[in-house]
Amino acid sequence: NAGVTQTPKFQVLKTGQSMTLQCAQDMNHNSMYWYRQDPGMGLRLIYYSASEGTTDKGEVPNGYNVSRLNKREFSLRLESAAPSQTSVYFCASSGQAFGSNQPQHFGDGTRLSIL
Amino acid sequence: QKEVEQNSGPLSVPEGAIASLNCTYSDRGSQSFFWYRQYSGKSPELIMFIYSNGDKEDGRFTAQLNKASQYVSLLIRDSQPSDSATYLCAVNPITGRRALTFGSGTRLQVQP
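Structure report, in brief. Since the model is a prediction, treat every value here as computed from it, not as a measurement. (Residues numbered from 1 in each chain as written. Chains lettered and ligands numbered in written order. Predicted model: local features only at pLDDT ≥ 70, side-chain atom pairs only at ≥ 80, totals over all residues. Heavy atoms only, no water.)

What to know about the state of the cysteines
Here, the word disulfide means a covalent bond between the sulfur atoms of two cysteines.
Residue and element names in this part refer to chain B.
Right, so step 1: Going through the model one piece at a time under the given rule, you end up with two disulfides over all chains.
Right, so step 2: Linked covalently through their sulfurs, Cys 23 and Cys 89 form a disulfide whose S-S length is 2.1 Å. Because the sign of the S-S torsion sets the handedness, a value of about -70 degrees for the bond joining Cys 23 and Cys 89 places this disulfide among the left-handed ones. Of the two residues, Cys 23 is situated in strand 3 (residues 19-25) and Cys 89 in strand 9 (residues 85-92); the sequence distance between them amounts to 66 residues. (Disulfide = S-S within 2.5 Å. Helix = DSSP H or I, 4+ residues; strand = E, 2+ residues; numbered from the N terminus.)

A look at the pairing of strand 11 (residues 106-111) of chain B
Residues and elements named next belong to chain B.
Right, so step 1: Every second residue of strand 11 is oriented toward a common face, the buried set being Thr 106, Leu 108 and Val 110 and the non-buried set Arg 107, Gln 109 and Gln 111.
Right, so step 2: Where strand 2 (residues 11-14) and strand 11 come together, four bridges link them in parallel fashion. Of the residues in strand 11, the one forming a bridge with Pro 14 is Gln 111.
Right, so step 3: Judged from the three bridges that link them, strand 9 and strand 11 form a sheet pairing that is antiparallel. From the neighbouring strand, Ala 85 faces strand 11, where its bridge partner is Leu 108. (Buried < 20%, exposed > 50% of the residue type's maximum accessible area, 1.4 Å probe, protein only. Pairing = 2+ DSSP bridges.)

Section: the pairing of strand 7 (residues 61-66) of chain B
Residues and elements named next belong to chain B.
Right, so step 1: Sheet topology places strand 6 (residues 54-58) next to strand 7; five bridges connect them, and they run antiparallel. If you follow Glu 57 over to strand 7, its bridge partner there is Thr 62.
Right, so step 2: Where strand 6 folds back on strand 7, the antiparallel hairpin that results is connected by two residues, among which Gly 59 adopts a positive phi of roughly 65 degrees.
Right, so step 3: In this sheet, strand 8 (residues 71-76) lies alongside strand 7 in antiparallel orientation, the contact comprising six bridges. Bridging from a neighbouring strand, Ala 63 pairs with Leu 74 of strand 8.

Here's the deal with the side chain of B:Gln70
Residue and element names in this part refer to chain B.
Right, so step 1: By the element assignment, Gln 70 lies in the loop between strand 7 and strand 8.
Right, so step 2: With relative accessibility at 11%, the residue Gln 70 sits in the buried group.
Right, so step 3: Here Tyr 25 takes part through its backbone oxygen, which lies 2.9 Å from a polar atom of the side chain of Gln 70.
Right, so step 4: Among the polar contacts made by the side chain of Gln 70, one reaches the side chain of Arg 28 at a distance of 2.7 Å. (Polar contact = N/O pair within 3.5 Å; in protein donor to acceptor, adjacent residues only side chain to side chain.)

A look at the pattern of salt bridges
Residue and element names in this part refer to chain A.
Right, so step 1: Inspection of the entire model under this criterion finds seven salt bridges over all chains.
Right, so step 2: Linking Asp 38 and Arg 36 is a salt bridge whose minimum nitrogen-to-oxygen distance equals 3.0 Å.
Right, so step 3: For Arg 36, a relative accessible area of 8% puts it in the buried group.
Right, so step 4: Between Asp 38 and Arg 44 there is a salt bridge whose closest N-O contact spans 2.8 Å.
Right, so step 5: On the basis of relative accessibility, which here comes to 10%, the residue Asp 38 falls in the buried class.
Right, so step 6: Note on Arg 44: relative accessible area 17%, which makes it buried.
Right, so step 7: Taken together, the shared-partner salt bridges in this structure form one network comprising Arg 36, Asp 38 and Arg 44. (Salt bridge = Lys/Arg side-chain N within 4 Å of Asp/Glu carboxyl O.)

Notes on the sheet that holds strand 8 of chain B
Right, so step 1: Pairing is antiparallel in the open sheet, where five strands are placed in the order 1-3-8-7-6 (chain B). The sheet is open, and its two edges are formed by strand 1 (4-5) and strand 6 of chain B, each paired on a single side.

By themselves, these figures tell us nothing about what the structure is for.
Okay, here's the thing in structure tokens:
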């Protein structure tokens, strides 16, 4: 009964390095999301995928790319990490995205530090 | 103006009291509203949702929605120290193809 699984849980990178954050859900949800959470800023949407095969930018997409690999998996890539991308990253999923009453379910988060 | 606004707090209440958390939103056509609880260092967890004007009760929690005034609130009765957390309000906007919009959260402290 895993729900939304994120890997890794912690990561330290040097400026300019690249990495991919992985997310998988086992609830057969159509929609998946990536957020970042910074102190005092709340959750800010980076990218989302309303359904398999589609992705859209959220509020803060610059410096990130995403891939909806299949219905279960949605990855977030930092091509050239910058200190401003130090944050806690949450993946979430829901049955549907738009005009929907369905809530989002969150993974445990990835704590990313960029030196 | 932020799309979803919450007082950052901290809101401090004594154990056993009623905690009242408020949230206002700017998109008048918003249809669904969610309250998440987030303990320090943990992920947000859904505690309540409300779609219709009025009150919705679930155990010690009551969500209240007033679409005309564009606010939604969460009441926690008989507050316990274990309720100490940050409470996030989330709104599903009707305009545009967007996902949930979250407020920045209100930190609640329940004093034993």
